[in-house]
Amino acid sequence: MPRVVLRNLQSNRCRAVCPLLLRLKLNADVLECPAAAVDLTPAESVLLAGLVRAAGQPLARWQLAELMGGGADVPAAATTEMRMARLRKKLSAAGAQGPTIRAVYNRGYVLSCAVQLS
């Protein structure tokens with residue numbers, strides 16, 4: 001299995017990270033990898049699927065609101081950040097390593113780990 005070496009800039013140490021394949025089962029709202037399965041709420045499942053489908057492009061808060069069915073009602077920045085924080089924790093619990101969802105200044109959020117939809 002290939003390994004990628006990432007440099008931790010703050011402590012100047014190297015650590016090996018083995019990339020895992022995470023799979024999002026949309027019909028069951030479950031995020032699974034070979035070692036664990038994590039239950040997601042339907043809202044988290046929709047958000048993660050939208051980030052996966054964006055293919056590395058940032059999704060703005062209004063786009064995330066549309067995914068959630070909010071239409072023109074854009075949630076507050078703190079609400080969106082809280083949803084992303086919970087989703088980051090669940091991605092980490094499923095085995096994702098490193099930054100999972102990045103906030104791109106003035107643009108939105110982008111998925112930084114590999115997730116397959118099924």
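Here's what I pulled together on the structure shown here. (Residues numbered from 1 in each chain as written. Predicted model: local features only at pLDDT ≥ 70, side-chain atom pairs only at ≥ 80, totals over all residues. Heavy atoms only, no water.)

### Notes on the pairing of strand S6 (residues 101-104)
Looking at chain direction, S6 and strand S7 (residues 108-111) are connected through four bridges and run antiparallel. Pairing of Arg-102 across the sheet is with Val-110, part of S7. Linking two consecutive strands that pair antiparallel, namely S6 and S7, is a turn of three residues; a positive phi of about 65° is found at Asn-106 within it. (Pairing = 2+ DSSP bridges. Helix = DSSP H or I, 4+ residues; strand = E, 2+ residues; numbered from the N terminus.)

### Quick word on the side chain of Ser-45
The residue Ser-45 is located in helix H1 (residues 42-53) in this model. According to the relative accessible area criterion, Ser-45 is buried, its value standing at 2%. The contact partners of Ser-45, leaving out residues within four places of it in the chain, are Leu-24, Leu-26, Asp-29 and Leu-40. (Buried < 20%, exposed > 50% of the residue type's maximum accessible area, 1.4 Å probe, protein only. Contact = heavy atoms within 4.5 Å.)

### What about H1?
A rise of 1.5 Å per residue sets the reference length of H1, with its twelve residues, at 16 Å; its end C-alpha atoms lie 16 Å apart and thus fit the reference within 8%. Within the sequence span of H1, burial applies to Glu-44, Ser-45, Leu-47, Leu-48, Ala-49, Gly-50, Leu-51 and Val-52. Ala-55 sits one or two residues past H1 and shows a positive phi near 50°. (Expected span 1.5 Å × (residues − 1).)

### A closer look at empty space enclosed by the protein
Evaluated as defined, the whole model comprises one cavity of 30 Å³ or more. Counted as a void, the largest cavity has a volume near 40 Å³. In this structure, the largest cavity is lined by Leu-47, Arg-61, Leu-64, Ala-65, Met-68, Pro-75, Thr-80 and Arg-83. Those elements that place two or more of their residues in the lining of the largest cavity are helix H2 (61-67) and helix H3 (77-93). It is H2 that provides the largest number of residues to the lining of the largest cavity, a total of three residues. Here the residues of the lining of the largest cavity are counted per class, giving five nonpolar, one polar and two charged. (1 Å grid on protein atoms, 1.4 Å probe; cavity = no way out; pocket = protein on both sides within 12 Å on 5 of 7 lines; lining within 4 Å. Points joined across faces, edges and corners; volume = space filled by probe spheres on them. Nonpolar A, V, L, I, M, F, W, Y, C, P; charged D, E, K, R; others polar.)

### Here's the deal with the pattern of salt bridges
Summed over all chains, the structure comprises three salt bridges. We note a salt bridge from Glu-81 to Arg-88, for which the minimum N-O separation is 2.9 Å. (Salt bridge = Lys/Arg side-chain N within 4 Å of Asp/Glu carboxyl O.)

### Considering H3
Spanning 17 residues, H3 covers 24 Å between terminal C-alpha atoms, matching the ideal 24 Å at 1.5 Å per step. By the burial criterion, the buried members of H3 are Thr-80, Met-84, Leu-87 and Leu-91. Projected down its long axis, H3 shows its buried positions confined to an angular sector of 65°, all on one face. Counted as exposed and oriented over 90 degrees from the buried face of H3: Ala-78, Lys-89 and Ala-93. Where H3 terminates, the next one or two residues include Gly-95, which has phi positive at roughly 120°. (Arc of directions from axis to C-beta.)

Purely geometric stuff here, so don't read any function into it on its own.
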